[in-house]
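Descriptive structure summary
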Amino acid sequence: MYDIAIIGAGPAGASAALFAAKAGKKTLVIDNDKSITKRAWFENYYGILEMTGPDLVEIGKKQAVKFGAELLTSTVQNVTKTETGFHIETENGAFDANQVILATGLGVDLAEKAGIRTKNGTEPRIKTVIDVDADGKTNIDGIWAAGTVAGVSVHAIITAGDGAKVAINVISQLNGERYVDHDVLKS
Ligand SMILES: Cc1cc2nc3c(=O)[nH]c(=O)nc-3n(C[C@H](O)[C@H](O)[C@H](O)COP(=O)(O)OP(=O)(O)OC[C@H]3O[C@@H](n4cnc5c(N)ncnc54)[C@H](O)[C@@H]3O)c2cc1C
């Protein structure tokens, strides 16, 4: 049983995964390697002078794994509610998690199949997004969404920030108090 399962490991999902794992949560991140971010060239990501999309995605996954997230390359086919959380069916087996974060980029099919409410997107070329509240909660208690699929501005630094924001909200809910992750300058 995972504390948090994250579907998608683009900037939103990998960022959520690294925060979740670094907070000590048993974290599973599942990704089928179809990130739109891999087609980008970045010069507008704060703190990075320039970087290729494939490098940004690869480093993000490595960061999440470094803190203990388990990364599975597979496609999630369905997410269903159970008595204790959620059952996640993939092409390579099934897993259970207490909380789920959807960070599926352009893909809303999985969300719609799971009964999650969607709405029209506002960003250029983004037709449909998941209907979330300000915290990233969907209409199904325990399923959250972050990044492009949650309707934020389609920029990597914003989707990564949204993944971090939603993960911090999930961690805070699990802990029963607000969570912060601050490392101090090493001497
Ligand atoms: C050509 C191009 C150029 C761009 N240039 C810039 C730029 O210069 N600056 C900038 O800020 N932004 C740029 N962007 C936008 C940027 O890539 C996105 O805003 C953002 O990074 C998307 O992040 P995400 O995590 O929401 O989605 P994605 O990066 O698309 O990640 C979603 C992940 O979910 C996975 N997934 C989906 N469904 C499933 C499933 N059922 N099971 C398992 N995995 C699943 C996918 O494989 C994917 O890896 C560009 C985009 C494109 C296409």
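Residues numbered from 1 in each chain as written. Predicted model: local features only at pLDDT ≥ 70, side-chain atom pairs only at ≥ 80, totals over all residues.

**A few points about the UniProt feature "domain: FAD/NAD(P)-binding" (unreviewed entry) in the chain**
We apply this condition: UniProt positions are given in the numbering used here, feature names are shortened, and annotations may be inferred rather than shown by experiment. Starting at the N terminus, helices and strands are each numbered in turn, a helix being any DSSP run of H or I of at least four residues and a strand any DSSP run of E of at least two.
Mapped onto the present numbering, the UniProt feature "domain: FAD/NAD(P)-binding" (unreviewed entry) falls at residues 2-34 and 49-159. End C-alpha to end C-alpha, residues 2-34 measures 24 Å, and it is 36% helix and 33% strand.

**A few points about the site of the ligand**
Operational definition: Nearness here is judged by the C-beta atom: place it from the backbone, and if it falls within 6 Å of a molecule or strand, the residue counts as near that partner. The residue classification treats Ala, Val, Leu, Ile, Met, Phe, Trp, Tyr, Cys and Pro as nonpolar and Asp, Glu, Lys and Arg as charged. All others, Gly included, are polar.
Neighbouring the ligand are 34 residues, the closest being Gly8, Gly10, Ala40, Gly105 and Gly147. A per-class count over the shell around the ligand returns 15 nonpolar, 15 polar and 4 charged.

**Observations concerning helix H1 (residues 11-22)**
Operational definition: For a helix, the expected span equals 1.5 Å multiplied by the residue count minus one. Once C-beta atoms are placed from the backbone, each residue is buried if 20 or more other C-beta atoms lie within 10 Å of its own, exposed if 12 or fewer, and partly exposed for counts between those two.
Taking 1.5 Å per residue as the helical rise, H1 with its 12 residues ought to reach 16 Å, and the 16 Å between its terminal C-alpha atoms agrees with that figure. Listed in full, the buried residues belonging to H1 are Pro11, Ala12, Gly13, Ala14, Ser15, Ala16, Ala17, Leu18, Phe19, Ala20 and Ala21. Positioned one or two residues after H1, Gly24 has a phi angle of 90°, which is positive.

**Re the packing of H1 against helix H4 (residues 156-175)**
Put simply, the rule reads: Axis definition: a line fitted to C-alpha atoms, limited for helices to the stretch in contact. Angles are taken between N-to-C directions and run from 0 to 180 degrees. It is the rotation of the near helix from the far one that decides the hand of a crossing: anticlockwise by less than a right angle makes it left-handed, clockwise makes it right-handed. What counts as a contact is two residues whose backbone-derived C-beta atoms lie within 7 Å of each other.
Two elements in contact, H1 and H4, have axes whose closest approach is 7 Å; the angle formed by their N-to-C orientations is 35°. By crossing handedness, the relation of H1 to H4 is classed as right-handed. Where H1 approaches H4, its residues Pro11, Ala12, Gly13, Ser15, Ala16, Phe19 and Ala20 are matched on the opposing element by Ala156, Thr159, Ala160, Asp162, Gly163, Ala164, Val166, Ala167, Ile168, Val170 and Ile171. By residue class, the composition of the contact of H1 with H4 is 13 nonpolar, 4 polar and 1 charged.

**As for the pairing of strand S1 (residues 2-7)**
Threshold: Strands pair, by our definition, only if DSSP identifies at least two bridges between them.
For S1, the buried fraction is high: 5 of the 6 residues fall into the buried class. Here S1 pairs with strand S8 (residues 93-102) via 5 bridges, running parallel. For Tyr2, the partnering residue across the bridge sits in S8 and is Ala97. Relative to strand S2 (residues 27-31), S1 is paired through 4 bridges, and the arrangement is parallel.

**Let's talk about the nonpolar core**
Rules: In plain words, the nonpolar core is the set of buried Ala, Val, Leu, Ile, Met, Phe, Trp, Tyr and Cys residues that C-beta atoms within 7 Å link up.
Judged by nonpolar contacts, the single largest core of 52 residues is most densely connected at Ala16, Ala17, Ala20, Ile101 and Leu102. At 8 residues, H1 tops the list of elements feeding residues into this core. With residues near it in sequence (within four places) discarded, Leu102 still touches Ile7, Gly8, Leu110, Ala111, Ile130, Ile143, Ala145 and Val149.

**Quick word on H4**
The end-to-end C-alpha distance of H4, which contains 20 residues, comes to 28 Å, matching closely the 28 Å that a straight helix rising 1.5 Å per residue would cover. What H4 keeps buried is the set Ala156, Thr159, Ala160, Asp162, Gly163, Lys165, Val166, Ala167, Ile168, Asn169, Val170 and Ile171. Buried positions along H4 lie against S1, H1, strand S3 (41-42), helix H2 (53-66), S8 and strand S11 (143-145). Backbone geometry just after H4 places Gly176 at a positive phi near 80°.

**Things to note about the pairing of strand S7 (residues 86-90)**
In this structure, strand S6 (residues 76-81) lies alongside S7, joined through 5 bridges in antiparallel fashion. Within S7, the residue paired with Thr80 across the bridge is His87. With antiparallel pairing between neighbouring strands as the criterion, S6 and S7 make up a hairpin whose turn holds 4 residues. Here S7 runs beside S8; their pairing, made up of 5 bridges, is antiparallel. Following the sheet pairing, Glu89 is matched in S8 by Ala94. Counted between consecutive antiparallel strands, the loop separating S7 from S8 contains 2 residues.

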